[in-house]
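Close look at the chain arrangement
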Amino acid sequence: MQNLSRRFSTVPIHKLLPQQLHQHQPQPTRFFIPFSEYQQKRKLLEHKLISDLDVCANLSQVKEVHAHLLRHGLSQCCYVLTKLVRTLTKLGVPVDAYPRLVFLQVKYPNPFLWTAMIRGYTVQGPISEALNFYTCMRSAGTGPVSFTFSALFKACGDVLDVNLGRQIHAQTILVGGFAADLYVGNTMIDMYVKCGFLDCGRKVFDEMPDRDVVSWTELIVAYTKIGDMGSARELFEGLPVKDMVAWTAMVTGYAQNARPRDALDCFERMQGAGVGTDEITLVGLISACAQLGASKYANWVRDIAEKSGFGPTENVLVGSALIDMYSKCGSLDEAYKVFQGMKERNVFSYSSMILGFAMHGRANAAIELFHEMLTTEIRPNRVTFIGVLTACSHAGMVDQGRQLFATMEKYYNVVPSADHYTCMVDLLGRAGRLEEALELVETMPIAAHGGVWGALLGACRIHGNPDIAQIAANHLFELEPDSIGNYVMLSNIYASAGRWADVSRVRKMMKEKGLKKNPAYSWVETKKGVIHEFCAGETNHPEYAEIKKALDDLLNRLQAHGYQPNLNSAAYDLGIEERKRILMSHSEKLALAYALLSTDSGSTIKIMKNIRICEDCHVFMCGASQVAGREIVVRDNMRFHHFSNGKCSCGNFW
DNA sequence: GTAGGGTTAG
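Keep in mind that this is a model prediction, so the values were computed, not measured.

**Thoughts on the overall build of chain A**
When its secondary structure is counted, chain A shows 35 helices and six strands. Across its three principal axes, chain A shows a C-alpha extent of roughly 105 × 50 × 50 Å. Expressed as a percentage of its 654 residues, the buried residues of chain A come to 49%. Sequence-distant contacts, at least 24 apart, represent 63% of the contacts inside chain A between residues at least 6 apart. Accessible surface for chain A amounts to roughly 31500 Å². Of this, 53% is attributable to carbon and sulfur atoms. Positive and negative side-chain charges of chain A, numbering 68 and 66 respectively, have mean locations separated by a distance of 4 Å.

**Observations regarding the domain arrangement of chain A**
Entries for chain A in the domain assignment read domain 1 (419-517) and domain 2 (521-648). Each of domain 1 and domain 2 has a C-alpha centre, and these two points are 27 Å apart.

**Quick look at the protein's contact with DNA strand B**
In the region of DNA strand B, 45 residues are neighbours, and Tyr183, Asn186, Asp243, Asp419 and Gly450 sit closest. Taking the atoms of DNA strand B that fall within 4 Å of the protein, sugar and phosphate contribute 39% of them. The separation between a base nitrogen of DNA strand B and a polar main-chain atom of Phe147 is 3.4 Å. Residue Asp278 places a side-chain N or O atom 2.8 Å away from a base nitrogen belonging to DNA strand B. Broken down by element, the surface near DNA strand B gets its largest block of residues, six residues, from helix α14 (residues 213-225). Along the lines of polarity and charge, the residues of the surface near DNA strand B split into 18 nonpolar, 17 polar and ten charged.

Basis of the calculations
Position numbers for residues count from 1 along each chain, tracking the sequence in the order it is written. Labels follow written order: the first chain is A, the first ligand is 1, and so on. Restriction of local features to residues with pLDDT of at least 70 applies here, the model being predicted, together with a cutoff of 80 or more for giving and counting side-chain atom pairs; totals for whole chains, interfaces and linings are based on all residues. To obtain the side-chain values, all non-hydrogen atoms of the structure were included, while hydrogens and water were left out. Each helix is a run of H or I in the DSSP string that is no shorter than four residues. Each strand is a run of E no shorter than two, and both are numbered from the N terminus. Exposure classes here rest on a 1.4 Å probe applied to the protein chains alone. A residue is buried below 20% of its type maximum, exposed above 50%, and partly exposed in between. Two residues form a contact once any of their heavy atoms are found within 4.5 Å. Reported accessibility uses the Shrake-Rupley method at a 1.4 Å probe radius. Residues are deemed covered only where the shown protein chains occlude them. The convention is simple: Lys and Arg are positive, Asp and Glu are negative, and His and the chain ends are not counted. In this description, the location of a charge corresponds to atom NZ of lysine, CZ of arginine, CG of aspartate or CD of glutamate. What counts as a domain boundary in this text is fixed by an automatic or database domain assignment. We call a residue near a given molecule or strand whenever any one of its heavy atoms falls within 4 Å of it. What qualifies as a polar contact is a pair of N or O atoms within 3.5 Å, subject to a donor-acceptor requirement within protein and to the restriction that residues adjacent in sequence count only when both atoms come from side chains. Residue type decides the class: Asp, Glu, Lys and Arg count as charged, Ala, Val, Leu, Ile, Met, Phe, Trp, Tyr, Cys and Pro as nonpolar, and the leftover types, Gly among them, as polar.

This is the structure:
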């Protein structure tokens, strides 16, 4: 066996070119074969070997074909050997071993055989060896084929090496004609986009003589990923023939960019265009419905899934997405029904269900399900641990949470991320161990992000610790200078501690930065599925008089049960009566009163909020669930609160 | 050989 490395040049292509090009013009590939009986027989044999290779399921079968091939004197037949190399790499045989030996026995490899080797190295690595083969192929005077470049671009995209990609791009132009090839162009766009050079991808697209729906979709997706839905849309509208993948890219793009309405509109247009729907389209659509959080859409999309033949029972992808959606729409029971009905479950199904339980304050159910999962073959991933740690933290299970955290890397090979540290800080913080939580943040081996400090700040609110709150807030002001919530939180913590001078200081900071409080909104769905929006302090609802009356009635009954307004939940510098009035105009209270008027007495009231529920409203909801005898579910921007018989599922920690 | 996909914490 010859030593390959000595025969092959190791000079990088940019040094070989362009001089090398002039020395070795690519030889034209010969397609014409003189016809004869011998040729005919040989051709039949080649075809037989190829189809034998097609059905090979393991290495020994391939070896048999190889032996057969050698017996018939086809050791130089590039056509069959190319197939042999492809089959071997497809079966996962290291290209550096057996395929390389096969290749070395060929005196004059044709471009396809070279490319099969290059492709093998681009898939299995190292990419340097793929490039080495390319260089040698060129030095041997062999002209590449378009697939050679596609394989190389794919490899560059996978390892995010744009410099290499650019060198190969230059090659496609130098070697001649390949830059204009459709497949080469498409993989080139993909490479640039993956490496984060969208503009270069766009330039390739703009200069391509032939484009197909794949070229368009690649760019559309790239725009949706960076959040530029305007450019995505513009391209999409110009796309002459829109197929299912292209439509799906738009639907999913809107969903991923928090524009659920547009996602739904786009889907309806897609249906109007007579384009079919598959599981991937449904996932995007379901995610949009989850964001809308209304049961009307939840039922609508489930119906579509069933009718398209991708029901949750059969399809694990759709099933998992539906679990998440129902959880986010406040229908935990429905989520669990979907979960139980699924024939096949995977780590997504389990994690979504565990997160659903955790989000709704059902800590024990979440932890039980986690243990049930461990009895299966399915291994937990990073998201599963987020779910189960969140559950522990809401149930105050400090020791169990610590134990889980300690085992995640050891037994499950999941390295704790800043997000997992967020859960741990939350766990310790909620349990009142603020110093320990602070110590954990200060000693964690990776950088703390806003989430970690935010968890600490939230714990300081629960336990009224303005000093540690100040430390956390200072970090947050650095990390997230424009995030209004942190200022509001710190100001509230000072207000609860009666430190009015500090409250003024924080307010001044907000003013200087030009930050304004987000207006508070609540939404409630009537029995007809119409969604009503309420803004704090708003009096212009058409049924405002009735709402006000219902709210006053409720207030009177609650006061008879001992409810007293929590005045700390309103601005400190107003009079007591004014503060009481403001508290009563909070949007979730208006929404609750309207729901009492407009829904059936036995049904659960569901209210969605855009900001965190205040303490006064929380107490108010607890009481209301008792005196009105209703189940109330409130989704704020953090989690779900289930109010029933005067108690909340969050255990008054939120 | 090329394009669309799910769960994430304050």
